[in-house]
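# Observations on chain architecture
Chain by chain, the residues:
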Amino acid sequence: MVDGILIARREHINAEAFVQVRDDVATVRGNFFNGCSRYSGPVADIEIPVPPELQLEIEVLMTQAPRAAWKLPKSMELEAFCTECFNEAAEDDSWFKMFLPE
């Protein structure tokens, strides 16, 4: 069970990464697959405070889809915040570079 809310997801071949928010702080965590099995991947050693203007939007996403908020449409501002999180994760751990646009 993931603690917090997953607000964005990116995938690459047999791996995925999520922006996870807990207590108004975001990080990025990964998973990878081997056949039908899912394994926990790295968690970026980053803590990005969620701007106050995005906190309400994230709360709404959580109430609409607590386990799949990442599937819901987001504002341009929240999408940009998620992109920033993925970028910082890639700077912290090269494993996350596969989730950046080429």
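The coordinates are above.
Owing to the predicted nature of the structure, the values given are computational and were not obtained by experimental measurement. (Residues numbered from 1 in each chain as written. Predicted model: local features only at pLDDT ≥ 70, side-chain atom pairs only at ≥ 80, totals over all residues. Heavy atoms only, no water.)

One finds I7, V19, A26, V28, L78, F81 and F96 to be the most contacted residues of the largest nonpolar core, which totals 26 residues. Taken together, the elements giving at least two residues each to this core come down to β1 (5-12), β2 (15-22), β3 (25-34), α1 (52-64) and α2 (76-92). The greatest single-element share of this core, amounting to seven residues, is contributed by α2. Excluding residues that lie within four positions of it along the chain, V28 makes contacts with A17, F18, V19, P42, V43, A44, I46, C85, F86, A89 and F96. (Core = buried A, V, L, I, M, F, W, Y, C linked by side-chain atoms within 4.5 Å. Buried < 20%, exposed > 50% of the residue type's maximum accessible area, 1.4 Å probe, protein only. Helix = DSSP H or I, 4+ residues; strand = E, 2+ residues; numbered from the N terminus. Contact = heavy atoms within 4.5 Å.)

Taken together, the side chains of D45, E47, E91 and D92 define an acidic patch exposed on the protein surface. Positionally, D92 belongs in helix α2. Overall, the relative accessible area of 36% leaves D92 in the partly exposed class. (Patch = residues over 30% accessible without salt bridge, like charges linked within 9 Å, V, L, I, M, F, W, Y side chains within 5 Å. Areas by Shrake-Rupley, 256 points an atom, 1.4 Å probe, with all protein chains shown as cover. Salt bridge = Lys/Arg side-chain N within 4 Å of Asp/Glu carboxyl O. Lys, Arg positive; Asp, Glu negative; His and termini not counted. Charge placed at Lys NZ, Arg CZ, Asp CG, Glu CD.)

The next subject is α2. It helps to recall that an α-helix has 3.6 residues per turn; residues three or four apart then point in one direction. For α2, built from 17 residues, the straight-helix expectation of 24 Å at 1.5 Å per residue is met to within 8% by its first-to-last C-alpha distance of 24 Å. Tucked inside the fold, the buried residues of α2 contact β1, β2, β3, β5 (48-49) and α1. (Expected span 1.5 Å × (residues − 1).)

Aromatic ring pairs: the centre-centre distance and the angle between the two ring planes describe each pair. Counting across every chain of the model gives five aromatic pairs. Measuring from ring centre to ring centre gives 5.5 Å for W95 and F99, while their planes differ by 55 degrees; the resulting arrangement is tilted. Residue classification places F99 among the buried residues on the basis of a relative accessible area of 5%. Note on F96 and F99: the rings are 6.5 Å apart at their centroids and 45 degrees apart in plane angle, and the pair reads as tilted. The residues F96 and F99 share a single accessibility class, namely buried. Site record: aromatic cluster; members linked through ring pairs are W95, F96 and F99. (Phe/Tyr/Trp six-rings, centres within 6.5 Å; stacked < 30°, edge-to-face > 60°.)

Take the packing of α1 against α2 next. The relative placement of two packed helices comes down to the angle between their axes together with the axis-to-axis distance. Between α1 and α2, whose axes approach to 10 Å, the crossing angle comes to 95 degrees. As the angle between them shows, α1 and α2 are arranged roughly perpendicular. Here L54, E57, I58 and L61 of α1 come into contact with α2, specifically with E77, L78 and F81. Classifying every residue of the contact of α1 with α2 gives five nonpolar, no polar and two charged. (Axes fitted to C-alpha atoms, helices over the stretch in contact; angles between N-to-C directions. Parallel < 35°, antiparallel > 145°, perpendicular 65-115°, else oblique. Nonpolar A, V, L, I, M, F, W, Y, C, P; charged D, E, K, R; others polar.)

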